[in-house]
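Examination of the molecular architecture
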Amino acid sequence: AQTVTQSQPEMSVQEAETVTLSCTYDTSESDYYLFWYKQPPSRQMILVIRQEAYKQQNATENRFSVNFQKAAKSFSLKISDSQLGDAAMYFCAYRSAGAGGTSYGKLTFGQGTILTVHP
Amino acid sequence: DAGVTQSPTHLIKTRGQHVTLRCSPISGHKSVSWYQQVLGQGPQFIFQYYEKEERGRGNFPDRFSARQFPNYSSELNVNALLLGDSALYLCASSLGLFATNEKLFFGSGTQLSVL
């Protein structure tokens, strides 16, 4: 079974600064997807960024980028130019890309990191 | 366009009761997944339904069941409620099975409190 670990329960950053959230995972599969989701107080999970394991290039989405280290099974999220609206709970998640009975709707989430942004 | 809608938003039940949670996916989406998020933890996968068939089940007891209707809306049922069932229940929809490049869209959840 796959596991996802976020070792930072809480992080804080000053507005306009950069912060990095850590995530490690454990899997025996070679093909999978990794995600970062944001959960604001509204409780709705919002996709921040996605990485396909077969791609060596790190994914980027505007101010958000990842550092994907497949051999180390590490998947960190970097938020540049932090904004007050970035304050939320952030979850790292794993999804198998395999077939053969795998539920594609099954995401395995980490425990989450609460991000506080100070003005 | 409406996103994923869930009802009710909050619910209070007592131990031993039964509860039904409802989810309407985004128009055109045929897959619905259910997750349980206990306070302070990440969501845990309960079920995925696609075209009215169960396509995946997480490690939850048989007290949890679900179904999907012809209009692709879904219900999650929990019998014989326990205090530990208190959680935020999230519904997510996708166009298909959420394979390859598909995106998963989440609702805002139903907060269930079991007293």
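Residues numbered from 1 in each chain as written. Chains lettered and ligands numbered in written order. Predicted model: local features only at pLDDT ≥ 70, side-chain atom pairs only at ≥ 80, totals over all residues. Heavy atoms only, no water.

**What about the interface of chain A and chain B?**
Operational definition: Note on definitions: a residue-residue contact is assigned when non-hydrogen atoms from the two residues lie within 4.5 Å. Defined in terms of a 1.4 Å probe, buried area is the accessible area two parts forfeit on being brought together, summed over both. Put simply, a salt bridge is a Lys or Arg side-chain nitrogen that is within 4 Å of an Asp or Glu carboxyl oxygen. Here a polar contact means two N or O atoms within 3.5 Å. Within protein one must be a hydrogen donor candidate and the other an acceptor candidate, and residues neighboring in sequence count only if both atoms are side-chain atoms. Put simply, DSSP H or I for four residues or longer makes a helix, DSSP E for two residues or longer makes a strand, and each gets a number counted from the N terminus. Following the grouping adopted for this structure description, the nonpolar residues are Ala, Val, Leu, Ile, Met, Phe, Trp, Tyr, Cys and Pro, the charged ones are Asp, Glu, Lys and Arg, and the polar ones are all others, Gly among them.
On the side of chain B, 28 residues touch chain A, which itself brings 21 residues to the contact. Between chain A and chain B the total buried area reaches about 1900 Å² when both faces are included, carbon and sulfur atoms providing 51% of it. The tally of links between chain A and chain B comes to 0 salt bridges. Inspection of the region where chain A meets chain B yields 5 residue pairs in polar contact (both at pLDDT 80 or more). Secondary-structure elements contributing two or more residues to the side of chain A that touches chain B are strand E5 (32-39), strand E6 (46-52) and strand E10 (88-96) of chain A. Top element by residues in the side of chain A that touches chain B is E5 of chain A. It accounts for 4 residues. Partitioned by chemical class, the residues of the side of chain A that touches chain B number 9 nonpolar, 7 polar and 5 charged.

**What to know about unusual backbone geometry**
Cis geometry is found at the peptide bond from Ser7 of chain B to Pro8 of chain B, where omega equals -10°. On the secondary structure map, Pro8 of chain B appears in the loop between strand E1 (5-7) and strand E2 (10-13). A positive phi angle, near 80°, is found at Ala16 of chain A, a position not held by glycine. Tracing the backbone shows Ala16 of chain A in the loop between strand E2 (10-14) and strand E3 (19-21).

**Re the sheet that holds strand E3 (residues 19-24) of chain B**
All names here are of chain B. Threshold: The criterion for strand pairing is that DSSP finds at least two bridges linking the strands in question. Interaxial angle, 0 to 180 degrees, is taken between N-to-C directions of lines fitted to C-alpha atoms, where a helix line uses only the stretch in contact.
Spatial ordering of the open sheet is given by E1-E3-E8-E7, a layout of 4 strands whose pairing is antiparallel. Two strands lie at the open edges of the sheet, namely E1 and strand E7 (64-68), each paired on one side alone. Geometrically, the sheet is characterised by an average inter-axis angle of 15° between neighbouring strands, direction not taken into account. Sheet analysis places E3 next to strand E8 (residues 74-78), joined by 5 bridges and oriented antiparallel. Its bridge partner lying in E8, Val19 is registered against Val78.

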